[in-house]
Structures are given as structure tokens and as C-alpha cells.
Amino acid sequence: MTQQDAGDPVFLFDGADLIGGSDRAEREYEDISDWDELRTRLHCDFPAFPKTPDIVQQEGEIVVPAIDSAVHRNVVSEWIDGVVRVQICDLFNRSCTGSSHGTSTDPMRLAMDKAPYPVWLVDHADKVSWCNAAYVALARRVRGQNADLSIPLFPESDDSAPLGKKTRISIASEVPDRKLWFDLSLVERDEGTLFYAVDINAVVDAEVAQRKFVQTLAKTFAQLSIGLAIFDRNRQLALFNPALVDLTALPADFLSSRPALSSFFDRLRNQNMMPEPKNYGGWRKQMNDLLEAAEHGRYQETWSMPSGSVYSVSGRPHPDGAVAFLFEDITAEITLTRRFRSELELGQAILDKLPDAVAVFSANGTLAFSNTAYHLLWDVDPDQSFALVNVLDATRLWQERCTATPVWGEIRDFVEMRENRADWTAQIRTRNGTLLTCAVGPMPNGATIVRFTAEAANTQDAQLETALP
């Protein structure tokens, strides 16, 4: 051995048989006796080491870099006068033969090795010929410390994928039933294909969490009787619930196709599921106004359908520029309200036909009803005032129009009573001399009725009854 070989393991082969080696080679590789044993020993870090010495004889010299860029060595094989010389060369040893074929001091290789994400080169035989430290760490984490780095860790890429475009891909992890996700990019080189993998597990986990959240929302909304339609920032339908299908009669496949907001309302209009516009131009303006109002949370309308149904429709802004529309069938509520209002109007009409002046006070003492005779008798119309009239206001008015009497205080006390209430009457006289009978009686739910009857009318009725045979 020469002086320059003293620091590196060096082997001499005659054919496949080992015929000599340096002191370091004998110390570190004492169990090596032939070419195959050395190749097996070097395969982990140098998978491209020649299979036979004949390949070295044909090439003259072969420099094999370590597949792991963290291993700062090359294996240099030379054919010298019928003998194959193999040197495991430290790349920092400038006397190393073949150092001109690339070293770890190459700035590009250093940059690749320090990259935080896996980078590797696959040769034309579909074997990994070089990889950086991040790739090695990932391969050993997934496949174990003795993993064969020459076998690609990632599945074969799609040849139809455009160069430079990212492809999402997954590999099995050390944890069962869990995958590791990466964005894969590739660049074609003369030596093979250079791959870059960017860890996107955090992105995928966030997407999974978002999908689960949306599914949870969908399950929750599925129980609602109110129709829900959420449009994303691009104004496409992103989420809807079954109640929307029932209320709008829009096909589920149409809603699942994520229609645009304009298409959604156009379809509603075509199916007579919203008020018919006077003209199409006005309709478009109405839709623009609707969207603008919904974005600010101000859209709230009641839609009366040609079918007789009544919907309450409201628009609300959602995060990230989304807009939600709520559709609620309020037909039963509107029908009940209309019926209640009709019954009130009928009751009021009956009261107005009575000759007696009638006032009804609720349990809290507020004037709830009064009829036309009451308005004429006391020259007042409570319906014309926005302020509520209570029993104290009413008795003060009566007191001003009548002579002094303790009846008004008794009426106030009666209205405030909750137990032991019975009908009673009293005589009162107005300041113009009209004699009135004031009848006070309890009503359901704590209400009180006060009725004023003119004595003159009673006398005339009595005389008429006496004259009859």
C-alpha cells in the first residue's frame, strides 16, 4: 500500500477473490474474502457498487457516491494491470482518487442535504441513487434503521403528471392505519429524476378536521325543520340540509351539484317557489339587493307563494365571505294569526253594536277593549293613542266627567284584586246630569269588565214593557 492509502480502506481483487488490503481494511472488514461479500457489506450506503469486477474492467474506473448524503465517502473502483483496486474514500481527503467526480463540499449537494424536506434522485433503473438527510431519516423511521435506501420509499409517480406540478401522495407510516402525506414535485435530469417531497400532514389533518366539522354540522342541520342554504365566497352552494329540499321542492341532485346563487334563485323562481317579479330586469336588481342585504345581515322577508304557503326568508353573513339563507314555513303561524285577528275583529264588531259603554281591563290593569258607545260617552278613543291606558287613567277621566263618588276607587281596587271577586253595580251621575248604572264584573284570566248603562234608556224600556198586553 502507498502512503496516501494508509488512511482509507483499500482492497485488491484478482477477479472476484480478495488478494490484499490496507491495514484499515483488514481491521474494519476482516470478514471480507471476496467481491460479493464486500458488495453486500457496502450495499446499504452504496447500492450502486458494481455487481462484478468485470464491470470495472469494462469502465476502467467507477466512482460510486454514498446514497445517503450524510455519509461523506465515495467508493472508487479502478482496473490496474489485471487487478481491481477498491478504495473507500473519505471525501475530505484531497488525495482521494476520483474526487473530481463530486464531493460533499459541492454547494448544491450541501444545500440539498440541509433541506428540511426529503429530496432524492431515482436513476433510470428506478433505484434511488442519492438522497438527502431528511429522506434517510424518513425512510428509517418508516422502514427501520436497516432500510434499503435504494428502494424508493414513495410509490411510482404518474408519468402523465406535468413536470414541476405538485402531486399529493401518501405513504404508510410507523403507526398502523395512519398515512403520511406529501406534495411531490419532480424534475428530469440526465442522471434520472429528482424528487422533492413537502410535508403536508398538518394541511391534510386540517382538511380532515374541517370535513368532520362540516359533517357534524350537516347532521345537526339535518334535524332542523328550517331549510338552510350556505353559499361560499364564490357564491356556490356549499351546504344544505334535507329541510331545504322539502321546502323548496328543488331536486337533491341539483343542490348537490353546487349551483351558483343566481342559478339557485332562478330555479326557485321557475318553480313558483318565490314571489313572481314584474320583469326580469327588476328581478336581477332584486337579486343583487338581496345578496347585498344578506352580506350585511339585513335581509328578512316574508314570501307569499301562489300556492298559499308563506315562507320567512332571511339572509345572514358567515365567516370567510360566505352567506347563509334560512327558509322557514310559517304558513300555520300566519294562518293562526289571521284567524286570531279575524276573531278579534268579530268580537270588536259585536261590542260596537252594544248600546252600553263597555271597557275591559286585563289582569295588569291595562285597557284591552272598548267599544264605540264607550268612546261616545266619554269622548275619547284609546285606539288613537300609542300610549297604553290603564285603570288609573280611565278612572281619572271618569272622575273629571262625573260628580264626586267613591266608586272609582272601588273599581281600581277590584281590578287589582285576584280572589273573592263578584259582580256589583253602583249609580253615578255625570256633570251634565245623566244618571248611569256602572256594572263591574270579573272576567277570565283576571280581567275585569266595566259597563255603563244610561238610566233613561232603562226607564223607557220598562215603560214599553208595561204598555205591552
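Anyway, here's the lowdown on the structure attached to this text. (Residues numbered from 1 in each chain as written. Predicted model: local features only at pLDDT ≥ 70, side-chain atom pairs only at ≥ 80, totals over all residues. Heavy atoms only, no water.)

1. Describing the environment of alanine 137
No. 1: Tracing the backbone shows alanine 137 in helix 5 (residues 133-143).
No. 2: On the basis of relative accessible area, alanine 137 is assigned to the partly exposed category, the value being 47%.
No. 3: A sequence separation of 69 residues divides alanine 137 from aspartate 68, and the C-alpha atoms of the two residues are 9.9 Å apart. (Helix = DSSP H or I, 4+ residues; strand = E, 2+ residues; numbered from the N terminus. Buried < 20%, exposed > 50% of the residue type's maximum accessible area, 1.4 Å probe, protein only.)

2. Overview of the pairing of strand 14 (residues 310-317)
Side chains on a regular strand alternate between the two faces of the sheet.
No. 1: Among the eight residues in strand 14, six count as buried, and that is most of the element.
No. 2: From the end of strand 13 (residues 299-304) to the start of strand 14, which pair antiparallel, there are five residues, and glycine 308 there has a positive phi angle of about 105°.
No. 3: Summarising the sheet, strand 14 and strand 15 (residues 323-329) pair through seven bridges and their orientation is antiparallel. Counted as the bridge partner of serine 314 is leucine 326 from strand 15. (Pairing = 2+ DSSP bridges.)

3. A look at the nonpolar core
Across soluble globular proteins, nonpolar side chains have a tendency to be buried as a group.
No. 1: Phe264, Phe265, Leu268, Tyr299, Trp303, Phe325 and Phe327 are the most contacted members of the largest nonpolar core, which has 26 residues in total.
No. 2: Listing elements by their share of this core, those giving two or more residues are strand 11 (227-231), helix 7 (242-248), helix 8 (252-256), helix 9 (261-270), helix 10 (280-295), strand 13, strand 14 and strand 15.
No. 3: The residues contacting leucine 268, other than those within four sequence positions of it, are Thr248, Leu250, Met273, Met274, Trp303 and Phe327.
No. 4: Membership of the second largest hydrophobic core comes to 24 residues, among which are Val407, Val415, Cys438 and Phe452. (Core = buried A, V, L, I, M, F, W, Y, C linked by side-chain atoms within 4.5 Å. Contact = heavy atoms within 4.5 Å.)

4. Topic: the pattern of salt bridges
No. 1: Enumeration over the complete set of coordinates arrives at seven salt bridges.
No. 2: The residue arginine 85 makes a salt bridge to glutamate 78 at a minimum N-O spacing of 3.2 Å.
No. 3: On the basis of relative accessible area, arginine 85 is assigned to the buried category, the value being 10%. (Salt bridge = Lys/Arg side-chain N within 4 Å of Asp/Glu carboxyl O.)

5. Topic: helix 2 (residues 35-42)
No. 1: Among all positions of helix 2, only Trp35, Leu38 and Leu42 are buried. Taken down its axis, helix 2 places every buried residue within 65° of arc, on the same side. Along helix 2, the residues that are exposed and aim more than 90 degrees away from the buried face are Asp36 and Thr40.
No. 2: For helix 2, the elements touching its buried residues are strand 1 (10-14), helix 3 (53-59), strand 4 (73-80) and strand 5 (83-90). (Arc of directions from axis to C-beta.)

6. Structural notes on the sheet that holds strand 6 (residues 119-122)
Sheet strands pair via backbone hydrogen bonds, and the direction of the pair is either parallel or antiparallel.
No. 1: On the basis of which strands lie adjacent, the open sheet formed by five strands has the order 7-6-10-9-8 and antiparallel pairing. Strand pairing shows two members of the sheet lacking a second neighbour, strand 7 (128-131) and strand 8 (167-172), which therefore form its edges. Neighbour-to-neighbour, the strand axes of this sheet turn through a mean angle of 35°, independent of strand direction.
No. 2: Pairing between strand 9 (residues 179-189) and strand 10 (residues 192-199): eight bridges, direction antiparallel. In the sheet register, valine 187 faces strand 10, and the bridge partner there is leucine 194. (Axes fitted to C-alpha atoms, helices over the stretch in contact; angles between N-to-C directions.)

7. As for the environment of proline 406
No. 1: Of note, proline 406 is situated in the loop between helix 13 (391-401) and helix 14 (407-416).
No. 2: For the pair proline 406 and isoleucine 428, spaced 22 residues apart in sequence, the C-alpha separation works out to 9.7 Å.

8. A closer look at unusual backbone geometry
Glycine aside, negative phi is the norm for most residues, and most peptide bonds take the trans geometry.
No. 1: Positive phi is not limited to glycine here, since arginine 235 has a value of about 60°.
No. 2: Within the secondary structure, arginine 235 sits in the loop between strand 11 and strand 12 (237-240).
No. 3: Residue classification places arginine 235 among the buried positions, given a relative accessible area of 18%.
No. 4: Of note, the phi angle at arginine 258 is positive, near 55°, even though the residue is not glycine.
No. 5: On the accessibility criterion, arginine 258 (38% relative accessible area) is partly exposed.

9. Quick notes on the pairing of strand 5
No. 1: With six of eight residues buried, strand 5 lies mostly within the body of the structure.
No. 2: With four bridges joining them, strand 1 and strand 5 adopt antiparallel strand pairing. When the sheet's bridge partners are listed, phenylalanine 11 is paired in strand 5 with valine 86.
No. 3: As judged from the eight bridges shared by strand 4 and strand 5, these two strands associate in the antiparallel manner. If you follow isoleucine 80 over to strand 5, its bridge partner there is valine 83.
No. 4: The hairpin turn running from strand 4 into strand 5, its antiparallel successor, is two residues long, and aspartate 81 in that turn takes a positive phi close to 50°.

That is the geometry; function is a separate question.
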